[in-house]
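Commentary on secondary and tertiary structure
Spelled out from the first residue to the last, the chains are:
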Amino acid sequence: MVPCACHKTRYTLRVNQQSDLHPMQTLNRLVNAAAIINDLARQKHTHVLPVMDDGITVYLHTDDAAVRVVRHDRPQVEATIETLPALAWRVATDYDENGVYIVAMKRPGFGQIARASMNVLVPRDAHLVLRMNNGLVSLDHVRGTLHIAPPADAPGVVNGYLTDGE
């Protein structure tokens, strides 16, 4: 018997007792418990942000995330953000007349265990500004020229621009 200090009630604690469950039932319960814990740790939100004007700019800033950008014909930006573990991430979205802002940053101390994925639907005429730290980007329905700067820590790069090494 293990006494509960708050209610002064006694509860029986079973330790090393033979279970009446079939081994497959035990395995099934363990798998279900793991799935529940995974669902509690994972957080998935969809943010729908209206677009005020044509040619809006979508600003996205993230850490260690996989981002997929898809163009569509609706006057809105729809961002579905999935984070794991949920408490490792700070996510914010906003919009104004200048653009739509999506930020997902990893909290300090979570290292490589924190992961995020984003699926962002943007209007066809939207401009994209992506600020990525160790990210993976997938762009669907691309038309036009992409300018991608080298990493700031690459040899010969000063303030985001290539130099001739002098």
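For the structure given in this document, a descriptive report is provided here. Since this is a predicted model, take the numbers as computed values, not measurements.

Reading the values: rules and limits
- Residues numbered from 1 in each chain as written.
- Predicted model: local features only at pLDDT ≥ 70, side-chain atom pairs only at ≥ 80, totals over all residues.
- Heavy atoms only, no water.
- Phe/Tyr/Trp six-rings, centres within 6.5 Å; stacked < 30°, edge-to-face > 60°.
- Helix = DSSP H or I, 4+ residues; strand = E, 2+ residues; numbered from the N terminus.
- Core = buried A, V, L, I, M, F, W, Y, C linked by side-chain atoms within 4.5 Å.
- Buried < 20%, exposed > 50% of the residue type's maximum accessible area, 1.4 Å probe, protein only.
- Contact = heavy atoms within 4.5 Å.
- Pairing = 2+ DSSP bridges.

**A look at the packing of aromatic side chains**
Following the criterion strictly, the structure yields one aromatic pair and no others. With a centroid separation of 5.2 Å and 10° between ring planes, the pair formed by tyrosine 59 and tyrosine 101 is classed as stacked. With tyrosine 59 in strand β4 (residues 57–63) and tyrosine 101 in strand β8 (residues 99–106), this residue pair connects regions lying 42 residues apart in the sequence.

**A look at the nonpolar core**
Counting 22 residues, the largest nonpolar core has Val58, Val77, Ile102, Met118, Val120 and Val122 as the members making the most contacts within it. Among the elements of the structure, β4, β5 (65–72), β6 (76–84), β8 and β9 (115–123) are those that each provide at least two residues to this core. A total of four residues in this core trace back to one element, the largest contributor, which is β9. Apart from residues no more than four positions distant in its own chain, valine 77 is found in contact with His47, Val48, Leu49, Val51, Val58, Val100, Ile102, Val120, Leu121, Val122 and Pro123.

**Side note on unusual backbone geometry**
Note the cis peptide between leucine 84 and proline 85, where omega equals -15°. Along the chain, proline 85 turns up in the loop between β6 and β7 (89–96). Unusually for a residue other than glycine, aspartate 64 sits at a positive phi of about 40°. Mapping aspartate 64 onto the fold places it in the loop between β4 and β5.

**Observations regarding the pairing of β4**
Taking burial as the measure, the seven residues of β4 include five buried ones, the bulk of the element. Direction of pairing for β4 relative to β8: parallel, over a ladder of six bridges. Among the inter-strand pairings, leucine 60 is bridged to a residue of β8, identified as isoleucine 102. Pairing of β4 with strand β10 (residues 127–133) involves seven bridges; the strand directions are parallel. Pairing of threonine 57 across the sheet is with histidine 127, part of β10.

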